[in-house]
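Residue-level listing of the chains:
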Amino acid sequence: MASAFGETPLGLASEIKNLAAILTRKLPLKVPRYQRPYTWTEREVRRLIQDLRRAYERKTAFYFIGQIVLVKNRGRLEISDGQQRLATLTMIVAYVRDRLPHRAKHYQQLIMLDGEPRLYLRDDDTNFYRGYVQEPGQMAELAKLPETGIDSKDMLANAAQTIADELGNADDRELDNFLSFIVRCSTLNVVDADERGSAATVYNTVNDRGLELSAADNLKCDLLESSGLTPEEADAAARKWEEHEDKLGRTAFAKLLAMMPFLLTGEQLLSPGDLVTFRDQVNRAGGVRKFLFDQLPRYAFALRSIFNCTVDAGPASADVNRRIKMMKQVEEWDWAPAAITFLAEHSGQHERTRRFFQALDRFTFACELSVIDNRLQEGRYAKAVKFGGDDRVLYGSANSKGALELTEGEHLKMIARLNKSAKRDRSRRLLLMRLEAAMPGGSLIGMTDDATVEHILPKAGGAWWNDRFPDKRLRDDAANVLGNLILVTHDQNELADVKDYGAKRKIFFNTPGAPIHALTKDIANIDDWTLDAIEARTERLVRILCTDWDMIRGGGASQAA
């Protein structure tokens, strides 16, 4: 509406739409080449489906998924933000379409129009996505697709398998009703921009400085006003609040607040910023006064010690902080609430702290390596939060396994994962960094450090290497196992390329100024790089990791399975 101060600038519009309205817009949706590929793991896909199912079972009028940002460009709408959700939701529609042939035509109109896709992924994945997802009848094949070695395609296949796992037990009528709810009641805030600069500004503003901070301020106001404190006490609480906020930083402090109900009661908020439920859980945990003057300070201090790796565990301090440093490299911090709660309640018990963080470290990497069933992870972490003072719940007894202990099957799977070729770059690098931290004299390396994975036997082979490893299948497998890997700088990695073993060793050990990590020193006495050398080194390195995680049983790592 026009006013004395002018109208809202043109070129930017925002509107709440349901999924059906978004997918059936006149212009097709396109993921531009500058965007990252599909990256959602089983965890994100399963969480989305479970959140939608909870909303469906509660018969909510709508379920708000978030915001997407679209930019008009050459007759298409480029997705500046939101491709992971839209790609996954389209796959859910495709799964139900294939399960319900009598409803296939009805749901296919959300996926394609006149033979053309409603959604185009990046150019590298467009044909793959169309062939397996958008064309009818192929979702089951995608779920069974063997590993391709291409991250985006493997992630799409994993997503298809997760969707099948989550929805496989639903009967036809229930499945149809559930999908009808999703396309009708799943809502998003759609921001349309006429040019990319505007879209980027919206995206960065919302993600960097909006929702979490206002939620924190709202909580502060609500708790102080409803606490029954005297004006002097409320002022003191407000000053303490601001002190913790300054020390942690506003973003980290807002995240701590969002976790607090879970930390105090082991139960998640059903929706972020739910003030009524937040206050109810604070009251259940002892009341607002206790929260403001006792619990919040202790939990904030615990989070600071985790951020700074300064946990005081007496003689075990170095070991505990080493494990925390490496857990912080894992992309999802699902381990953090259990760590915060334990430190807030039990940090003075040094041996218990050492044991707890060894178990949490092992469990965290078991989750990262997909050893723990994704559907069980949240519940077991919640037990670690709620019963951090009960060793029987954490570590088990004669009659039951503990929340942080691996079952026999998980133990076997963990050993198998460590011995198996790792083909995802990030997972391979993370595991190698964790191994480096377990080596005698090893370094504590972060994901932002100049440390890249060097395949001594190159993944692509090479004339010198192909002569010594003529079987391509064995060469491909051997190239990715732990025993063939070291950590070097980016420049060293570029120089080594596909050079012969002798030339590579000179680069690894004689590059001025480059660190020589423990993993690299480990090959110093290996004069010839053979399949036997790789296998022997793999067994030795797996044993080192298993020892660090207290997984050695009987005769050693190879026999622990």
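The model shown is predicted, which means the values in this text are computed figures rather than measured ones.

J.: What am I meant to see in unusual backbone geometry here?
T.: Peptide bonds are mostly trans, and most non-glycine residues show a negative phi. If you check the backbone angles, C309 has positive phi at about 55 degrees while not being a glycine. As for its placement among the helices and strands, C309 is situated in the loop between helix 14 (288-308) and helix 15 (317-327). Its identity is not glycine, yet D550 carries a phi of approximately 55 degrees, on the positive side. Structurally, the position occupied by D550 is in the loop between helix 27 (531-548) and helix 28 (557-560).

J.: Could you clarify how one ought to interpret the nonpolar core in this entry?
T.: The nonpolar side chains of a soluble globular protein tend to be buried, and buried together. L256, F291, I340, F356, F357, L360 and L435 are the most contacted members of the largest nonpolar core, which has 91 residues in total. Ignoring sequence-local partners within four residues, the contact set of L360 consists of M327, W335, A338, A339, Y381 and L404. Of all hydrophobic cores here, the second largest spans 58 residues; its members include I22, V31, Y56 and L121.

J.: Honestly, the packing of helix 2 (residues 42-57) against helix 7 (residues 151-167) in this entry has me stumped. Any pointers?
T.: Relative placement of two packed helices is described by the angle separating their axes and the distance separating the axes. In the contact formed by helix 2 and helix 7, the axes pass within 9 Å of each other and the chain directions differ by 35 degrees. Where helix 2 crosses over helix 7, the handedness of that crossing is right-handed. For the pair formed by helix 2 and helix 7, the contact residues are E42, V45, R46, I49, Q50 and R53 on the first element and A159, T162, I163, D165, E166 and L167 on the second. When the residues that make up the contact of helix 2 with helix 7 are grouped by side-chain class, the tally is 5 nonpolar, 2 polar and 5 charged.

J.: Got a minute to help me understand helix 8 (residues 172-185) in this structure?
T.: Residues spaced three or four apart along an α-helix point in a common direction, a consequence of the helix completing one turn every 3.6 residues. When the terminal C-alpha atoms of helix 8 are compared, their 20 Å separation across 14 residues agrees well with the 20 Å that a helix rising 1.5 Å per residue should span. Every buried residue of helix 8 is listed here: L175, D176, F178, L179, F181, I182, V183 and C185.

J.: Would you mind showing me how to read a negative patch on the surface here?
T.: Taken together, D449, D450, D491, E494 and D497 make up a surface patch of like negative charges. Within the secondary structure, D450 sits in the loop between helix 21 (425-438) and strand 9 (452-455). Residue classification places D450 among the partly exposed residues on the basis of a relative accessible area of 46%.

J.: Please explain the side chain of Q295 as it appears in this structure.
T.: Summarising the element assignment, Q295 is placed in helix 14. For Q295, a relative accessible area of 5% translates into the label buried. The contact partners of Q295, leaving out residues within four places of it in the chain, are L264, A285 and K290.

J.: Honestly, helix 23 (residues 472-480) in this entry has me stumped. Any pointers?
T.: Every buried residue belonging to helix 23 is among R475, A478, A479 and N480, and all of these are buried. Looking at the buried residues of helix 23, the elements they touch are helix 21, strand 9, helix 22 (463-468), strand 10 (485-488) and helix 27. The N-cap residue of helix 23 is D471: its side-chain oxygen and the backbone nitrogen of R473 are 3.0 Å apart.

J.: Quick question: what am I supposed to make of the pattern of salt bridges here?
T.: Side-chain pairing between opposite charges can occur once the charged atoms of the two side chains come close. In this structure the tally under the stated criterion is 37 salt bridges. With a shortest N-O distance of 2.7 Å, D123 and K30 are connected by a salt bridge. Linking D123 in helix 5 (residues 123-134) with K30 in strand 2 (residues 29-30), this pair joins segments that are 93 residues apart in sequence. Overall, the relative accessible area of 11% leaves K30 in the buried class. For D522, the salt bridge identified is with R540, shortest N-O distance 2.7 Å. With a gap of 18 residues between them, D522 in the loop between helix 26 (518-521) and helix 27 and R540 in helix 27 connect regions that are remote in the sequence. What emerges from the salt-bridge pattern is a single network uniting D319, R322, R323, D361, R434 and D548.

J.: Would you take a moment to explain the side chain of T187 for this structure?
T.: Note that T187 resides in strand 8 (residues 186-193). According to the relative accessible area criterion, T187 is buried, its value standing at 10%. Other than its neighbours up to four places away in sequence, T187 contacts I16, K17, N18, F62, Y63, F64, I65 and G66.

J.: Where do I start with the environment of F508 in this structure?
T.: Topologically, F508 is positioned in helix 25 (residues 501-510). For the pair F508 and A496, spaced 12 residues apart in the sequence, the C-alpha separation amounts to 8.2 Å.

Cut-offs applied
- Residues numbered from 1 in each chain as written.
- Predicted model: local features only at pLDDT ≥ 70, side-chain atom pairs only at ≥ 80, totals over all residues.
- Heavy atoms only, no water.
- Helix = DSSP H or I, 4+ residues; strand = E, 2+ residues; numbered from the N terminus.
- Core = buried A, V, L, I, M, F, W, Y, C linked by side-chain atoms within 4.5 Å.
- Buried < 20%, exposed > 50% of the residue type's maximum accessible area, 1.4 Å probe, protein only.
- Contact = heavy atoms within 4.5 Å.
- Axes fitted to C-alpha atoms, helices over the stretch in contact; angles between N-to-C directions.
- Left-handed = near helix turned anticlockwise from the far one by under 90°.
- Nonpolar A, V, L, I, M, F, W, Y, C, P; charged D, E, K, R; others polar.
- Expected span 1.5 Å × (residues − 1).
- Patch = residues over 30% accessible without salt bridge, like charges linked within 9 Å, V, L, I, M, F, W, Y side chains within 5 Å.
- Areas by Shrake-Rupley, 256 points an atom, 1.4 Å probe, with all protein chains shown as cover.
- Salt bridge = Lys/Arg side-chain N within 4 Å of Asp/Glu carboxyl O.
- Lys, Arg positive; Asp, Glu negative; His and termini not counted.
- Charge placed at Lys NZ, Arg CZ, Asp CG, Glu CD.
- Polar contact = N/O pair within 3.5 Å; in protein donor to acceptor, adjacent residues only side chain to side chain.

Honestly, that's just the spatial picture; any functional story needs more than this.
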